[in-house]
Amino acid sequence: MRTWFPYPLLSVALLLMWLLLSQSVTPGSILLGLIVSTVLAWVTLKLKPARSRLNRWSRIAGFILRATGDVIRSNIAVTLIILRARRRVVAAGFMTLGIDLEDENALALLACVLTATPGTAWLEYDRRQKILLIHVLDIENEELWRKTIRRYAADLKEIFE
């Protein structure tokens with residue numbers, strides 16, 4: 001079974017994404033989705049991604065809820081910044097933050113969350129010094145951003161390491 005589907009969860013996720021994007025559940029669409037998801041799983045196998053073990057499954061739901069809530073709040077904040085742009089000067093800027101994460105998948109998930117959060121962009125991570133560089137649209141409350149990112153990193157460290 002592993003020969004045909006080296007990453008079964010990835011294959012299923014890709015098939016579901018294919019069906020959602022094609023907006024069709026016809027036999028042809030399912031067959032094409034199966035072929036595409038299987039081939040992409042084989043390609044992923046050739047890349048030899050690092051495997052992680054999830055240590056604390058109970059923390060995953062809390063992390064997802066917290067990240068979703070922060071993304072929604074950030075959407076509202078960015079909308080208000082855009083609507084008030086003429087009345088208030090936006091203080092955009094860069095910030096660096098020390099992060100103690102070793103697991104590559106945890107770092108990738110943190111990058112995804114920060115990139116999905118409107119008003120932030122993951123720019124660079126120095127593995128030797130463990131310093132993250134991000135850009136923040138409204139950096140007035142820099143300590144709040146630091147606290148939020150450290151909370152994400154702590155949750156991910158607990159889940160993955």
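These figures come from a predicted structure and were not determined experimentally.

Right, let's get into unusual backbone geometry. With phi around 55°, Gln23 is a residue other than glycine that occupies positive phi space. Structurally, the position occupied by Gln23 is in the loop between helix H1 (8-22) and helix H2 (27-47). One non-glycine residue, Lys130, adopts positive backbone phi at about 55°. Secondary-structure assignment places Lys130 in the loop between strand E2 (120-126) and strand E3 (131-136).

Before going further, it helps to examine the packing of aromatic side chains. On inspection of all chains with the given rule, the structure shows two aromatic pairs. A cation sits over an aromatic face here: Arg151 above Tyr152, 5.8 Å from the ring centre.

Now for the domain arrangement of the protein. The domain architecture assigned to the protein consists of domain 1 (8-47) and domain 2 (57-160). When each unit is reduced to the centre of its C-alpha atoms, the spacing between domain 1 and domain 2 is 30 Å.

Turning our eyes to something else, we now look at the layout of surface pockets. Estimates place the volume of the second largest pocket at around 510 Å³. Together, 23 residues line the second largest pocket, and Arg73, Ser74, Ala77, Leu144 and Trp145 are the ones closest to its centre. At the level of elements, helix H3 (58-83) and helix H5 (142-160) are the ones that each hand at least two residues to the lining of the second largest pocket. If you tally residues by element for the lining of the second largest pocket, the top one is H3, at seven residues. Of the residues that constitute the lining of the second largest pocket, the class distribution is ten nonpolar, five polar and eight charged.

Taken in spatial order, the three strands of this open sheet run E1-E3-E2, and their pairing is antiparallel. Bordering the open sheet on either side are strand E1 (93-98) and E2, each of which pairs with just one other strand. Across the sheet, the axes of successive neighbouring strands diverge by a mean angle of 25°, strand direction being ignored. As judged from the six bridges shared by E1 and E3, these two strands associate in the antiparallel manner. Looking at the pairing, Thr96 lines up with Leu133 of E3. Relative to the sheet, helix H4 (residues 104-116) contacts E2 and E3, its axis offset from that of E2 by approximately 155°. Strands E1, E2 and E3 of the sheet are contacted by H5, whose axis makes an angle of about 40° with E1.

All right, on to the packing of H1 against H2 then. At their nearest, the axes of H1 and H2 sit 8 Å apart, and the two run at 140° to each other. Taken together, the axis directions place H1 and H2 in an arrangement best described as oblique. Of the two elements, H1 crosses H2, and the hand of that crossing is right-handed. Here Leu10, Ser11, Leu14, Leu15, Trp18, Leu19 and Ser22 of H1 lie close against H2, whose contacting residues are Ser29, Ile30, Leu32, Gly33, Leu34, Val36, Ser37, Leu40, Ala41 and Thr44. For the contact of H1 with H2, the residue count by class is eleven nonpolar, six polar and no charged.

Here we take up the pairing of E3. Only one face of E3 is buried, namely the one carrying Leu132, Ile134 and Val136, since none of Ile131, Leu133 and His135 on the opposite face is buried. Taking the residues between adjacent antiparallel strands as the criterion, E2 and E3 are bridged by four residues, where Lys130 takes a positive phi near 55°.

The subject of this paragraph is the nonpolar core. The biggest cluster of nonpolar side chains holds 23 residues, and the ones touching the most others in it are Ile99, Leu101 and Ile149. Those elements that place two or more of their residues in this core are H3, E1, H4, E3 and H5. Of the residues forming this core, the biggest block, seven residues, is contributed by H5. Contacts of Ile99, omitting those with residues within four sequence positions, involve Leu110, Tyr125, Lys130, Leu132, Ile149 and Ala153.

Rules behind the numbers
Residues numbered from 1 in each chain as written. Predicted model: local features only at pLDDT ≥ 70, side-chain atom pairs only at ≥ 80, totals over all residues. Heavy atoms only, no water. Helix = DSSP H or I, 4+ residues; strand = E, 2+ residues; numbered from the N terminus. Phe/Tyr/Trp six-rings, centres within 6.5 Å; stacked < 30°, edge-to-face > 60°. Lys NZ or Arg CZ within 6 Å of the ring centre and 35° of its normal. Domains from an automatic or database assignment. 1 Å grid on protein atoms, 1.4 Å probe; cavity = no way out; pocket = protein on both sides within 12 Å on 5 of 7 lines; lining within 4 Å. Points joined across faces, edges and corners; volume = space filled by probe spheres on them. Nonpolar A, V, L, I, M, F, W, Y, C, P; charged D, E, K, R; others polar. Pairing = 2+ DSSP bridges. Axes fitted to C-alpha atoms, helices over the stretch in contact; angles between N-to-C directions. Contact = heavy atoms within 4.5 Å. Parallel < 35°, antiparallel > 145°, perpendicular 65-115°, else oblique. Left-handed = near helix turned anticlockwise from the far one by under 90°. Buried < 20%, exposed > 50% of the residue type's maximum accessible area, 1.4 Å probe, protein only. Core = buried A, V, L, I, M, F, W, Y, C linked by side-chain atoms within 4.5 Å.

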